[in-house]
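Letter by letter, the chains look like this.
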Amino acid sequence: MNSSTPEYRRNATPFLYGQEDKAVARVLEAGQYGHTEVTEEFEQKVAAFLGVPDAVAVTSGTAALHTALLAAGIGPGHEVIVPSLTFCATIQAVLACGAAPRFIEVSPGTLCIEPDAAVEAITPATRAVMPVLFGGRAIDLSSIRSTLDEQDIAVIEDAAHAFGSYNGPVRVGGTGDLTCFSFGPVKNLTCGQGGMVIPRTPEEAATIRRLRLLGVVASQAERQAATSYRVEGFGLRYQLSSINAAIGLAQLPRFKTTEIKRQELWRAYRAALHRAKGITLVDVDVDRTVPHLCVVRVADREAVFRRMLAARIAVGVHYPPNHLQPAFAQWWRSLPVTEQIGEEILSLPFHQHMTEDDVYHVAAALKLATGSGR
Ligand SMILES: *Cc1c(COP(=O)(O)O)cnc(C)c1O
């Protein structure tokens, strides 16, 4: 596609502010590509941004979920309550620990789990609830907190969509729960690839740091100075490269721009689709959220999808329900609400390269495609 192609015809691509290439070049020239002070500076800057004592950088959001689950003691024989309506990475992280997903419904209005549905799904094997902050929207589980605490059930937030969003007065990640972010290519903040865990305690932070470094406990300086190193436990190759960390570090000071732009685009969609017959906008709680997606529910989604593609508009579906995926068939449960939602959801083009005019064009095309336009 040439540069005059309207942005609503493009899928989301990473949004760069223009400083990232220089930051990467500095790392390449320095010649240290592994976990370095650059990675540690990124951790400290993210922690400061969120107002938390510590943050642990890993290779991806999936790695963040995996290490957070392990640090919370999740393993074989345990169940983790998860929405079926999420990216398959959420489920794969649970399986990577040897645990089993227990799929639950989401609310059609928000595509997020409801506290009651989580409590109803508790079994003697339940050790964690993993809410997915769909579209960036925070989830309030305070009404069931004591029930979860009594049964020693951890809350591990899949906040892959929600970097920068608020949960009450604090940013997501600052609520005291174990929280996982993704800095993948099209997430609210990108490292190219990357992820971050917000640990609950210094011990948990140390566990995740050991897990991400093949079970080795030693600073880089210590390893360079010593003739040996100590492998103290199970571990994986999950440390965030300084090349990727440099991208995130360059993005972070400019995040306010992202916050404002994403909220403006989402509000433009809301205004443009206000009262459009047959089109229901999924609410992201925009005043407190840095929106990651713009999802509508429509009848006859397959036809609308085809008409939008024919109009050369880059629509998508987030997500096909996981309890219907062949790989997860063993954990299937009847989830009629999610199955219905799975047939109705349509993600509209939503990324920072778009203008408000792009939004109005998409909205007009959607009204035509659904028959609610003139
Ligand atoms: C992106 C995403 C992940 C995984 O993050 P990666 O960085 O791609 O590994 C997990 N859960 C959800 C809901 C996501 O959107």
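Now for a quick tour of the structure. Please read all numbers here as calculations on a predicted model, not as lab measurements. (Residues numbered from 1 in each chain as written. Predicted model: local features only at pLDDT ≥ 70, side-chain atom pairs only at ≥ 80, totals over all residues. Heavy atoms only, no water.)

1. With respect to the pairing of strand 3 (residues 100-104)
Point 1. With four of its five residues buried, strand 3 lies for the most part within the structure.
Point 2. Where strand 2 (residues 79-83) lies against strand 3, five bridges are found, and the strand directions are parallel. Each bridged residue has a counterpart across the sheet, and for Glu79 the counterpart in strand 3 is Ala100.
Point 3. A crossover links strand 2 with its parallel partner strand 3, the connecting element being helix 4 (residues 88-96), and its sense is right-handed. (Buried < 20%, exposed > 50% of the residue type's maximum accessible area, 1.4 Å probe, protein only. Helix = DSSP H or I, 4+ residues; strand = E, 2+ residues; numbered from the N terminus. Pairing = 2+ DSSP bridges. Right-handed = clockwise from strand over helix to strand, strands pointing away.)

2. Some thoughts on the packing of aromatic side chains
Point 1. Using the criterion set out here, one finds ten aromatic pairs in the structure.
Point 2. Arranged with centres 5.5 Å apart and planes meeting at 65 degrees, the rings of Phe42 and Phe183 form a pair that is edge-to-face. A residue pair is termed long-range when its members are at least 10 positions apart, and Phe42 in helix 2 (residues 37-50) and Phe183 in the loop between strand 8 (178-182) and strand 9 (195-198) qualify at 141 residues. You'll find Phe42 and Phe183 in the same group, each marked buried.
Point 3. Their ring planes at 35 degrees and their centres at 6.5 Å tell us that Tyr269 and Phe350 sit as a pair that is tilted. With Tyr269 in helix 10 (residues 255-273) and Phe350 in the loop between strand 12 (345-347) and helix 13 (356-370), the pair connects residues that are 81 residues apart, well separated along the chain. For the pair Tyr269 and Phe350, one class covers both residues: buried. (Phe/Tyr/Trp six-rings, centres within 6.5 Å; stacked < 30°, edge-to-face > 60°.)

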